[in-house]
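Each chain is listed here by its residues.
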Amino acid sequence: MANREQDINVIVLSVVQHLIQQDGEEDETIIQELVRPFFAAYGNMESSREGPREFSGVQKYIERTVTGYSDPYFKKHFRMSRQSFEYLARMMAIYLNSNDSGVPVQTKLLLTLWTLANVESFRGIGDRFGMYMGNVHYIFLCTTRAFRLNSIKFIKWPTRAEYRSITLQFSFPYAIGSVDSTFIRIRQPLKQCNVYRNRKKFCAVTLQAVSKPNLEFIDVSTGYPSSMHDASVFAHSQLGRNLSILLEGIPFVLLGDSAYGLTTTLMKPYPDNGRLDETEKNFSRVLSQNRSGVERSFSLLKNKWRCLRYLDMLLLNRIPDVILTACCLHNYIIQRGDVQPEDQYREEDEENDDEEEERDNDNSTTAGKQKRNRIKYLLM
């Protein structure tokens, strides 16, 4: 009976190993957790055949290589200066300094920064940092979760006292931010694939953000299936539900494109029906010029943290952690002055190029139309 049960276990282990060889690396990590008891049970048998296996990747990459990087080279690899990195490590130490892995905080941060800044497999990152793939995956998920739980330290909605200083950075009256959404490509989910497939026929989640003219985010919301319209994402977001409260009794507004509804707190261009007068055309032109900052923010975000160009993850519930971590770091490097002028612009990718498919949202309030008509004369 024992031999029969042993044979069944061996067969199960062989089938799982075959699946690992065929599927992606995240599948491998998940399946390895499921079959850990089998590997433990037959570890002695395998060791007796092949002998104990030692890690064959790069040894002491941080101690021998990273510490020798010049400041420009360190910044090129990890997207921030060495001084900014050391300050970030001190800031996040209390949230990352757990005893479950025994890995130093600096190593966790360097590993996470490298993973976000490059399109590389966890296996390749493990070889670089001298760890097994499963350990790299675990550290990355724990670190991104820590950033998400502490995102308020990096992404903050301005106070009412700060509104006036922000609007002076715009050439549009009363503007305190521009709102838009972008697609973050993801691996095709195992379930509900059609929900995450957008009009451009690829699977993605939507990232909604509000940015200032200096490209810094003041609000982000993500995790929504990309099949949702921008207006629906905004309506379901915490910002969409609370914006009227945040701006109650004051004239300040957000700037959006034609996909959003027109309200007293969110301005959008006049619909181009061919009968616009000069004041209306000028209003739409000035609004679009001021709103373009959020598009440049998305370009900078994806240019610095390149894993957002395609997230090869099966754990859908952890994807927002990764995206929000990149947004936190986006703000951090801006605040620390680690963004160069050449970093801010690159050719727009197809995830942001949706002008030709944009449909005007007719959900406009009467008070919103009246406020838009008043502002158009302030721009003359």
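> Can you walk me through unusual backbone geometry in this structure?
The bulk of non-glycine residues show a negative phi, and the bulk of peptide bonds are trans. Phi is positive for Arg79, which is not a glycine, with a value near 70°. Relative to the helices and strands, Arg79 resides in the loop between helix H6 (71-78) and helix H7 (82-96). Arg79 sits in the buried class, given a relative accessible area of 10%. Look at Leu215: it is not a glycine, yet its phi comes out positive at around 75°. Relative to the helices and strands, Leu215 resides in the loop between strand S2 (204-211) and strand S3 (217-225).

> Would you mind going over the nonpolar core with me for this structure?
When a protein is soluble and globular, its nonpolar side chains tend to lie buried together. By size, the foremost hydrophobic cluster in this structure holds 66 residues, and its most contacted members are Phe78, Leu88, Trp305, Leu311 and Ile323. Ranked by residues supplied to this core, first place goes to helix H16 (residues 319-335) with 11 residues. Core analysis: the second largest hydrophobic core is formed by 28 residues, Phe170, Val210, Leu262 and Phe283 among them.

> Explanation requested: the environment of Pro213 in the structure shown.
One can find Pro213 in the loop between S2 and S3. Using a relative accessible area of 25% as the deciding quantity, one classes Pro213 as partly exposed. Sequence separation between Pro213 and Ser297 is 84 residues; the distance between their C-alpha atoms is 9.0 Å. What Pro213 contacts, discounting residues up to four positions off in sequence, is Gln169, Phe170 and Arg296.

> Mind showing me how you'd approach the packing of aromatic side chains here?
Geometry of an aromatic ring pair is reported as the spacing of the ring centres plus the angle between the planes. Following the criterion strictly, the structure yields 15 aromatic pairs and no others. Their ring planes at 85° and their centres at 6.1 Å tell us that Phe183 and Phe202 sit as a pair that is edge-to-face. Pair noted here: Phe183 is in strand S1 (residues 175-185) and Phe202 is in the loop between helix H12 (193-196) and S2, with a separation of 19 residues, a long-range link. Residue Phe202 is classed as buried on the basis of its relative accessible area, which comes to 8%. Judged by centre distance (6.2 Å) and plane angle (40°), the rings of Phe217 and Phe298 are tilted. Of this pair, Phe217 sits in strand S3 while Phe298 is found in helix H15 (residues 278-304), placing the two residues 81 residues apart along the sequence. A network of ring pairs unites the aromatic residues Phe74, Phe78, Phe85 and Trp114 as a single cluster. Above the ring of Tyr87, the side-chain terminus of Arg336 is found at 4.9 Å from the ring centroid. The ring of Tyr270 has Arg372 sitting right over it, with the charged end atom 4.1 Å from the ring centre.

How each quantity is defined
- Residues numbered from 1 in each chain as written.
- Predicted model: local features only at pLDDT ≥ 70, side-chain atom pairs only at ≥ 80, totals over all residues.
- Heavy atoms only, no water.
- Helix = DSSP H or I, 4+ residues; strand = E, 2+ residues; numbered from the N terminus.
- Buried < 20%, exposed > 50% of the residue type's maximum accessible area, 1.4 Å probe, protein only.
- Core = buried A, V, L, I, M, F, W, Y, C linked by side-chain atoms within 4.5 Å.
- Contact = heavy atoms within 4.5 Å.
- Phe/Tyr/Trp six-rings, centres within 6.5 Å; stacked < 30°, edge-to-face > 60°.
- Lys NZ or Arg CZ within 6 Å of the ring centre and 35° of its normal.

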